[in-house]
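# Summary of structural features
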Amino acid sequence: MEEIYAKFVSQKISKTRWRPVPPGSLQTTETFATGSWDNEENYVSLWSIGDFGNLDSDGGFEGDHQLLCDIRHHGDVMDLQFFDQERIVAASSTGCVTVFLHHPNNQTLSVSQQWTAAHHHTGPGSPSCSSAPCTGIVCSNPEIVTVGEDGRINLFRADHKEAIRTIDNADSSTLHAVTFLRTPEILTVNSIGQLKIWDFRQQGNEPSQILSLTGDRVPLHCVDRHPSQQHVVATGGQDGMLSIWDVRQGTMPVSLLKAHEAEMWEVHFHPSNPDHLFTCSEDGSLWHWDASTDVPEKSSLFYQGGRNSTFLSHSISNQANVHQSLISSWLITDPTKDRIEITSLLPNRTLSVNSLDVLGPCLVCGTDAEAIYVTRQLFS
């Protein structure tokens, strides 16, 4: 079991995110951000792990993450994303989207930009300006995409006052999360179990593709795209199941894996080691899914892939390409045969684990038990 350190912070943590390491840098990340929810006052905070994990003078491990700075946040923090090294974007339950700027010289955070009514209910039966929670954000500098309970999608650009593009009635249900597939294309998940792909190059307000779980309209809460294979997507929802999708084929998931006993709040592929995937849940668990079995065993993928021979035939001309596309270990149609190893990362069940993030050898997660857990030895 990897060493995992807890720090109790006297606030329920809704979101945790590592600060990205500068491109080309060999250092590991040392700073992460958190957002809180359901407290009298909520905060966006920056923490440092510094020499964390080194032996202290008594020969014990130091596991104390240090608070660098924090700033009050109006409403619950519904999502949190680093825009770049200095800027963090926060989504609020008030419908507001705020960009915070970190000043490393004096360790403070300030509001750099704000879109106050990014999400709001309109139409009959709703007050003239009733706010709707902003539920998800995704950043790809200079763009920020937000989704909300109002079924609206906004495309913002840093330093622009108004939205570049708004799809007002993108969804009649709540949009829970969003990710980029490729830069002009985003993928959203909603409260009736649908994935929708939107292409900002198209003028209309209709999705270019809809995928869904047949029958059960189980709300989906989270989505992540495979970092190197953009057609592979993982989602989690109210039933705790992990679904793996190939958006190029069909409208249903490639595999459904029984996972948590309650809502799955977040799913993340490891950004540089995507055979590893991490999930967290309302049931108080944090899981590491390892699909990196031996490569020889994966040759069976060629036969499994045969169920869609058109896909195979047009890729076969480029053998390397086939190998690359098929070796995504998450696309095996029968993932049950001892292929995926699941490890529980928390020593004991706690209240809901609301958020997690992974970068290099480091993992951070935040809970309703007012604790932040950190490890720097994910794969040791």
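Below is a short write-up of the structure. All residue numbers refer to positions counted from 1 along the written sequence of the respective chain. For a predicted model such as this one, the threshold for reporting local features is a pLDDT of at least 70, and the threshold for listing and counting side-chain atom pairs is 80 or more; totals across whole chains, interfaces and linings nevertheless cover every residue. Where side-chain values are given, they derive from all heavy atoms of the structure, hydrogens and water being excluded.

### What about the overall build of the chain?
Spelled out, the test is: Put simply, DSSP H or I for four residues or longer makes a helix, DSSP E for two residues or longer makes a strand, and each gets a number counted from the N terminus. The rule is simple: take the accessible area with a 1.4 Å probe, protein chains only, and divide by the maximum for that residue type; under 20% is buried, over 50% is exposed, in between is partly exposed. Any two residues having at least one pair of non-hydrogen atoms within 4.5 Å are treated as being in contact. The Shrake-Rupley method, run with a 1.4 Å probe sphere, supplies the accessible areas, and residue values consider only the shown protein chains as cover.
In terms of helices and strands, the chain carries four helices and 30 strands. Sorting the 380 residues of the chain into buried and exposed places 55% on the buried side. Sequence-distant contacts in the chain: of pairs separated by 6 or more residues, those separated by 24 or more amount to 53%. Summing over all exposed atoms, the chain offers an accessible surface of approximately 16700 Å²; the carbon and sulfur share of this is 48%.

### Considerations on the pattern of salt bridges
What counts is decided by this rule: Salt bridges are identified by distance alone: a Lys or Arg side-chain nitrogen within 4 Å of an Asp or Glu carboxyl oxygen.
Across all of its chains, the model carries 15 salt bridges by this definition. A salt bridge links Asp171 to Lys196; the nearest nitrogen and oxygen atoms lie 3.3 Å apart. One end of the pair, Asp171, is in the loop between strand S15 (165-167) and strand S16 (175-182); the other, Lys196, is in strand S18 (residues 194-199), and 25 residues separate them in sequence. Each member of the pair, Asp171 together with Lys196, is buried. Residues Asp246 and Arg248 are paired through a salt bridge, measuring 2.9 Å at the closest nitrogen-oxygen approach.

### With respect to the sheet that holds strand S8 (residues 97-103)
As a reminder, the rule being used: Should DSSP find at least two bridges between two strands, the strands are regarded as paired. The axes are straight lines fitted to the C-alpha atoms, using for helices just the contacting stretch, and the angles between their N-to-C directions are given from 0 to 180°.
Read from one edge to the other, the open sheet built from four strands follows the order S6-S7-S8-S9, with strand pairing classed as antiparallel. Edge strands, defined here as strands with exactly one partner in the open sheet, are strand S6 (77-82) and strand S9 (108-115). Sheet twist, expressed as the average angle between the axes of neighbouring strands with direction ignored, equals 25°. Relative to S9, S8 runs antiparallel, the two sharing seven bridges. Among the inter-strand pairings, His103 is bridged to a residue of S9, identified as Thr108.

### Section: the sheet that holds strand S22 (residues 242-246)
A sheet is described by the order of its strands in space; here four strands give the open sequence S20-S21-S22-S23, paired in antiparallel fashion. Unpaired on one side and paired on the other, strand S20 (220-225) and strand S23 (255-257) mark the two borders of the sheet. Between one strand axis and the next, the sheet turns by 20° as a mean value, whatever way the strands run.

### Things to note about the packing of aromatic side chains
What counts here: The pairing test for Phe, Tyr and Trp rings, Trp by its six-membered ring, is centres within 6.5 Å, and the orientation test on the planes gives stacked under 30 degrees, edge-to-face over 60, and tilted for anything in between. Only lysine NZ and arginine CZ atoms are considered, and such an atom sits over a ring when it is within 6 Å of the ring centre and within 35 degrees of the ring normal.
If you walk through the whole model with that rule in mind, you get five aromatic pairs. Both rings, one in Trp18 and one in Phe32, keep their centres 5.4 Å apart while their planes meet at 80°; by these two values the pair is edge-to-face. With Trp18 in strand S2 (residues 13-18) and Phe32 in strand S3 (residues 31-36), this pair connects stretches of sequence that are 14 residues apart. Here Phe32 falls in the buried class, since its relative accessible area comes to 0%. Ring centres of Trp115 and Phe156 lie 4.3 Å apart, and the angle between their planes is 20°; this geometry places the pair in the stacked category. Of this pair, Trp115 sits in strand S9 while Phe156 sits in strand S14 (residues 153-157), and the two are 41 residues apart along the sequence. Side by side, Trp115 and Phe156 carry an identical accessibility label, which is buried. Aromatic rings pair up to connect Trp18, Phe32 and Trp47 into one cluster. The ring centre of Trp37 lies 5.7 Å from the NZ or CZ of Lys12, which sits over that ring.

### Section: the nonpolar core
Generally speaking, a soluble globular protein has its nonpolar side chains buried in company with each other. Threshold: By nonpolar core is meant a set of buried Ala, Val, Leu, Ile, Met, Phe, Trp, Tyr and Cys residues that side-chain atoms within 4.5 Å join together.
Ranked by size, the top nonpolar core spans 18 residues in total, and within it Ala234, Leu242, Ile244, Val267, Leu277, Trp289 and Trp330 carry the most contacts. Those elements that provide at least two residues to this core are strand S21 (232-237), S22, strand S24 (264-269) and strand S26 (286-290). Among the elements that make up this core, the one with the highest residue count is S24 (three residues). With near-sequence residues (within four places) excluded, Trp330 lies in contact with His226, Val232, Ile244, Ser255, Phe269, Pro274, Asp275, His276, Leu277, Trp289, Ala291 and Ile340.

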